[in-house]
Amino acid sequence: MATPNRWAIRDAGEATFFSLVDGHAVVTLPSLKTSGVSTTGTTVYSRGGRGNAKIVGFSSDREAKLKLQDAIFDNTAVAMLTGNDIVTGVHKVDIHEIITTTSDKASVTNTPVGALISVYVVNADGTNGTEYTLGTPATNPTEFSLATKELTFPAATADGTKFRVYYYANTDATAKTVKVTSDMFGGSFKVVVDVLVVDEYTKAAFQGQLIIPNGKFEDNFELSLAATGDPSVLDLNLECLKSPTSTTMWELVVYDDALLS
Amino acid sequence: MEEEIKLENIVDTIEETIIVKSTEFKVLKKEDTAAILNVCGWRMRVYFDDILTDEQKNKIINGKCITVEYVGNLEDVFSIELQRLTNI
């Protein structure tokens, strides 16, 4: 079927990132909420004559920006954004949990790594009360002892007393860590966004492919967390750079995928 | 023979004599009757003895180090017992 001359689009598409170094595909984001490219330039005008009207316009400063918004946080995408590789392996994380005593004892869920950070009795209103420290619970009323995961509190501690325990624990080996560092920034990639377009005349669907030969991640990005409203989204903003071998900032190819050779 | 056994018991008793050592610990939080110290990364309380004067207590400042007597081994934090603070 002939590729349409007029078409409609209502699709965020799927974005695929390719390495500029060796061309390999890095990641595909199939859960975009929005995508788009904005193109700008600057025009300066020669003015003159009676009324100082614009006479000649000089265009320059061509810029294009690709904006993607993903409903899902992809570790690889976040890593591209930060410029740091994902590290897979054991990581020490902060844990805090509330434990309840029975016969002066209570156990934390995980095996603490190193010293417990803090132990507080939990007040009736849920806030932290008196701090308990490591020591001799048999003789001191605000001390505890620890054996692996089990904390022993003074004998006078009533059953059902709640303590909030802060400590470190190790993740399993599959934990993935992405981080922002002061010395690494988002890289540059070729980006291809596959979208669906519909022919105005025949109402038939066609493929569209938005190609950014060289997209550089912007270094400003936000990670927003909120307890209300829509779920948080991953915003990926890229500046379209000029290739050293081409003037193309971006291009859109509309084609019939049934006619691919 | 009996005499020898008794002597061995005496030697054992001498070996178990508690050795009090002292070192500096950082004050993390000063309370009315005690101070929470950083002992090998753990938070442990040293209690003020009644003979400690207010002037001496005023010398205990968060973030500063104080010398505290203890028994046990610093390499095994669970063996440490901080002694009541009688002087500073």
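Computed from a predicted structure; not experimentally measured. (Residues numbered from 1 in each chain as written. Chains lettered and ligands numbered in written order. Predicted model: local features only at pLDDT ≥ 70, side-chain atom pairs only at ≥ 80, totals over all residues. Heavy atoms only, no water.)

Structural notes on the overall build of chain B
In terms of helices and strands, chain B carries 2 helices and 5 strands. Tracing chain B from N to C terminus, the helices and strands come up as α-β-β-β-α-β-β. Looking at chain B as a whole, 30% of its 88 residues qualify as buried. Intrachain contacts of chain B at a sequence separation of at least 6 include 55% that bridge at least 24 residues. (Helix = DSSP H or I, 4+ residues; strand = E, 2+ residues; numbered from the N terminus. Buried < 20%, exposed > 50% of the residue type's maximum accessible area, 1.4 Å probe, protein only. Contact = heavy atoms within 4.5 Å.)

Let's talk about the pattern of salt bridges
Applying the stated criterion across every chain, the model contains 6 salt bridges over all chains. A salt bridge links lysine 65 of chain A to glutamate 218 of chain A; its shortest N-O distance comes to 3.4 Å. Note that lysine 65 of chain A is positioned in strand β5 (residues 53-70) and glutamate 218 of chain A in the loop between β16 (205-217) and β17 (234-240), a separation of 153 residues in sequence. What makes lysine 65 of chain A partly exposed here is its relative accessible area of 30%. Taking the relative accessible area as the measure of exposure, glutamate 218 of chain A reaches 21% and is therefore partly exposed. A salt bridge links arginine 84 of chain B to aspartate 49 of chain B, with the shortest nitrogen-to-oxygen separation between them at 3.7 Å. With arginine 84 of chain B in the segment after β5 (76-82) and aspartate 49 of chain B in the loop between β3 (42-47) and α2 (54-58), this residue pair connects regions lying 35 residues apart in the sequence. (Salt bridge = Lys/Arg side-chain N within 4 Å of Asp/Glu carboxyl O.)

Focus on the interface of chain B and chain A
Each partner contributes to the interface: chain B provides 11 residues, whereas chain A provides 17 residues. Summed over both sides, the interface between chain B and chain A buries roughly 1100 Å², with carbon and sulfur atoms accounting for 54% of that surface. On the chain B side of the contact with chain A, Trp42, Arg43 and Arg45 of chain B bury the most area, a combined 55% of that side's loss. The tally of links from chain B across to chain A stands at 1 salt bridge. (Buried area = accessible area lost by both parts, 1.4 Å probe.)

As for the pairing of strand β11 (residues 143-147) of chain A
All names here are of chain A. Where strand β10 (residues 128-134) and β11 come together, 2 bridges link them in parallel fashion. Looking across to β11, one finds that threonine 133 is bridged to glutamate 143. One ladder, built from 3 bridges, connects β11 with strand β12 (residues 150-152); its direction is antiparallel. Pairing of leucine 146 across the sheet is with leucine 151, part of β12. (Pairing = 2+ DSSP bridges.)

Some details on the environment of alanine 35 of chain B
Residue and element names in this part refer to chain B. Along the chain, alanine 35 falls in strand β2 (residues 34-39). Classification of alanine 35 as buried rests on a relative accessible area of 0%. In this structure the C-alpha to C-alpha distance between alanine 35 and valine 46, which are 11 residues apart in sequence, comes to 5.5 Å. Apart from residues lying up to four places away in sequence, alanine 35 is in contact with Val27, Lys29, Lys30, Met44, Arg45, Val46, Phe48 and Ile60.

Looking at the confidence of the model for chain B
Interpreting fine coordinate detail is not advised for predicted regions of low pLDDT. All names here are of chain B. Per-residue confidence for chain B gives a mean pLDDT of 87; residues scoring 70 or more make up 82%. Mean pLDDT in chain B bottoms out at helix α1 (residues 2-15), which sits at 53, and peaks at β3, which reaches 97. Predicted complex, confidence summary: ipTM 0.77, pTM 0.80. (pLDDT = per-residue confidence, 0-100.)

A word on the side chain of threonine 142 of chain A
Here threonine 142 of chain A lies in the loop between β10 and β11. If we ignore the near neighbours within four places in the chain, the residues touching threonine 142 of chain A are Thr130, Glu131, Tyr132, Thr133 and Pro154 of chain A together with Arg45 and Tyr47 of chain B.

Some remarks on the pairing of β16 of chain A
Residues and elements named next belong to chain A. Pairing between strand β15 (residues 188-199) and β16: 10 bridges, direction antiparallel. From the neighbouring strand, valine 191 faces β16, where its bridge partner is isoleucine 212. Hairpin connection of β15 to β16: 5 residues between the antiparallel strands, including lysine 203 at a positive phi of 65 degrees. As paired elements, β16 and β17 share 3 bridges and run antiparallel to each other. Within β17, the position partnered with glycine 215 by the bridge is cysteine 240.

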